[in-house]
2 protein chains.
Amino acid sequence: MTITRNAKAHWEGSLFEGKGQVKLESSGLGSFDVTWASRAEDPNGRTSPEELLAAAHSSCFNMQLSNVLVKAGNEAQSIDTSAEVDFKPGTGITEIRLTVRAKVEGLDNDAFVTAAEAAKTGCPVSQALRATPIKLDAALAE
Amino acid sequence: MTITRNAKAHWEGSLFEGKGQVKLESSGLGSFDVTWASRAEDPNGRTSPEELLAAAHSSCFNMQLSNVLVKAGNEAQSIDTSAEVDFKPGTGITEIRLTVRAKVEGLDNDAFVTAAEAAKTGCPVSQALRATPIKLDAALAE
């Protein structure tokens, strides 16, 4: 079974002077403004392709990690992941960094790091992005 | 110069029974619920990694296309792009389809399709996703 999710984007004008919106179509959660300035300068309350990619990647990684942990017999109390996406205008997306801190009872830090590495490799968004460098900083929460 | 954009994701519990949120951190635009059901069954007002990826890709493609057009001497009145991301549980993200319709004065449909193909190849999110099949349906708006 294949599931399809959809978003729509609108743009008017040139890259640098124009403006657009992007709409989360499948969920109906909203439409968000996007401009070149919000991507390459300051966000100023607007989104960007890289912020949305970071959201896709961090949420996918968490799901994958929750499942890797359960399969090894440990359900996570909480998993918190930050994704940072680097964008260099003229070059592209140069690196993604995932930083995860989690509360998992009955698991030592080394075993957690191994699980997190497996989730980084296996998560569908990581796989879709496998042509892009992805780094992981994983540890149990203090 | 490198720009970094950031999102954060939280998860509690197992993949199938657990739940989470994802937050657009750089823009501060909000935090959205995400569950396995919203990803693999019905969205029910919640987002998913694939919907967010579709949002990243469609907005990036539009920016790239606006610039390809301007460089060839044609500023778009409007560009509307839908991105559909296919997800097959157990397999991963199998295909992304971009459908673009645009209003561009002084450009015939063939020249527009050529510009859209260049934008598909060149856009930073397409490049980051180059390990994933991406299809494009491009035409000037009726």
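Per chain, residues are indexed from 1 in the order of the written sequence. Just so you know, chain letters begin at A and ligand numbers begin at 1, following the order they were written in. The model is predicted, so local features are restricted to residues of pLDDT at least 70 and side-chain atom pairs to those at 80 or more, both for listing and for counting; the totals for chains, interfaces and linings are taken over all residues. By convention in this description, side-chain values take in all heavy atoms of the structure and omit both hydrogens and water.

Quick look at the relation of the copies chain B and chain A
Counted only if it meets this: When the copies are overlaid, the least-squares fit takes in C-alpha atoms only where the residue has pLDDT of at least 70 in both copies.
With an RMSD of 0.0 Å, the fit of chain B onto chain A corresponds to turning through 180° and sliding 0.0 Å along the axis. These values place the two chain copies in the arrangement generated by a two-fold rotation axis. Scanning chain B for the C-alpha nearest the rotation axis identifies Leu129(B), at a separation of 2.5 Å.

Focus on the domain arrangement of chain A
All names here are of chain A. What counts, and what does not: An automatic or database domain assignment supplies the start and end points of every domain. A contact between two residues is defined here by any heavy atoms of the two lying within 4.5 Å. The term buried area denotes the loss of accessible surface (1.4 Å probe radius) that occurs when two parts are joined, taken as the sum for both partners. For this analysis, a salt bridge means a side-chain nitrogen from Lys or Arg found within 4 Å of a carboxyl oxygen belonging to Asp or Glu. Within 3.5 Å is the distance limit for a polar contact, defined as a pair of N or O atoms, with the added protein rule that one can donate a hydrogen and the other accept it, and that residues adjacent in sequence qualify only through two side-chain atoms. Secondary structure elements follow DSSP: runs of H or I no shorter than four residues count as helices, runs of E no shorter than two count as strands, and numbering proceeds from the N terminus. Nonpolar residues are Ala, Val, Leu, Ile, Met, Phe, Trp, Tyr, Cys and Pro. Charged residues are Asp, Glu, Lys and Arg, and all others, Gly as well, are polar.
Domains assigned within chain A are domain 1 (7–40) and domain 2 (49–140). A straight line from the C-alpha centre of domain 1 to that of domain 2 covers 26 Å. Across the boundary between the two partners, domain 1 contributes five residues, which contact five residues of domain 2. Across the domain 1 to domain 2 interface the summed buried area is about 410 Å²; carbon plus sulfur atoms make up 78%. It is Val-22, Trp-36 and Arg-39 that lose the most area in domain 1 upon contact with domain 2, and together they represent 76% of the buried surface on that side. In this structure, Glu-50 engages Arg-39 in a salt bridge whose closest nitrogen and oxygen atoms are separated by 2.9 Å. Counting every contact that joins domain 1 to domain 2 gives one residue pair in polar contact (both at pLDDT 80 or more). Sort the elements by how many residues they give to the side of domain 1 that touches domain 2 and helix 1 (residues 36–40) lands first, with three residues. Classifying every residue of the side of domain 1 that touches domain 2 gives four nonpolar, no polar and one charged.

Some points on helix 2 (residues 49–71) of chain B
Residue and element names in this part refer to chain B. Applied cut-off: To estimate the expected span of a helix, subtract one from its residue number and multiply by 1.5 Å. Think of it in three bands: with a 1.4 Å probe and only protein chains considered, a residue is buried below 20% of the maximum accessible area for its type, exposed above 50%, and partly exposed in between.
Between its first and last C-alpha, helix 2 extends 33 Å over 23 residues, near the 33 Å set by a 1.5 Å rise per residue. Burial within helix 2 is extensive, with 19 of its 23 residues counted as buried. Looking one or two places after helix 2, you find Gly-73, whose phi comes out positive at around 95°.

Re the interface of chain B and chain A
Accessible area lost on assembly of the parts is the figure often given for the size of an interface. Chain B puts 79 residues into the contact, and the matching count from chain A is 79 residues. At the boundary of chain B and chain A, one finds zero salt bridges. Viewed at the interface, chain A and chain B are joined by 40 residue pairs in polar contact (both at pLDDT 80 or more). Counting only elements with at least two residues in the side of chain B that touches chain A, the list comes to strand 1 (3–12), strand 2 (19–24), strand 3 (30–34), helix 1 (36–40), helix 2, strand 4 (78–88), strand 5 (92–103) and helix 4 (124–128) of chain B.

Thoughts on the packing of helix 2 (residues 49–71) of chain A against helix 3 (residues 109–122) of chain A
Residues and elements named next belong to chain A. In plain terms, the rule: The axes used here are C-alpha line fits, helices contributing only the stretch in contact, and every angle between their N-to-C directions lies in the interval 0 to 180 degrees. An angle below 35 degrees is treated as roughly parallel, one above 145 as roughly antiparallel, one from 65 to 115 as roughly perpendicular, and anything else as oblique. Crossing handedness: left-handed means the near helix sits turned counterclockwise from the far one by under a right angle, and right-handed means the same turn made clockwise.
Put simply, helix 2 and helix 3 touch, their axes get as near as 8 Å, and they point 130° apart. The angle between helix 2 and helix 3 places the two elements in the oblique class. Crossing hand, helix 2 versus helix 3: right-handed. Facing helix 2, whose interface residues are Phe-61, Gln-64, Leu-65, Val-68 and Leu-69, helix 3 presents Phe-112, Ala-115, Ala-116, Ala-118, Ala-119, Lys-120 and Gly-122.

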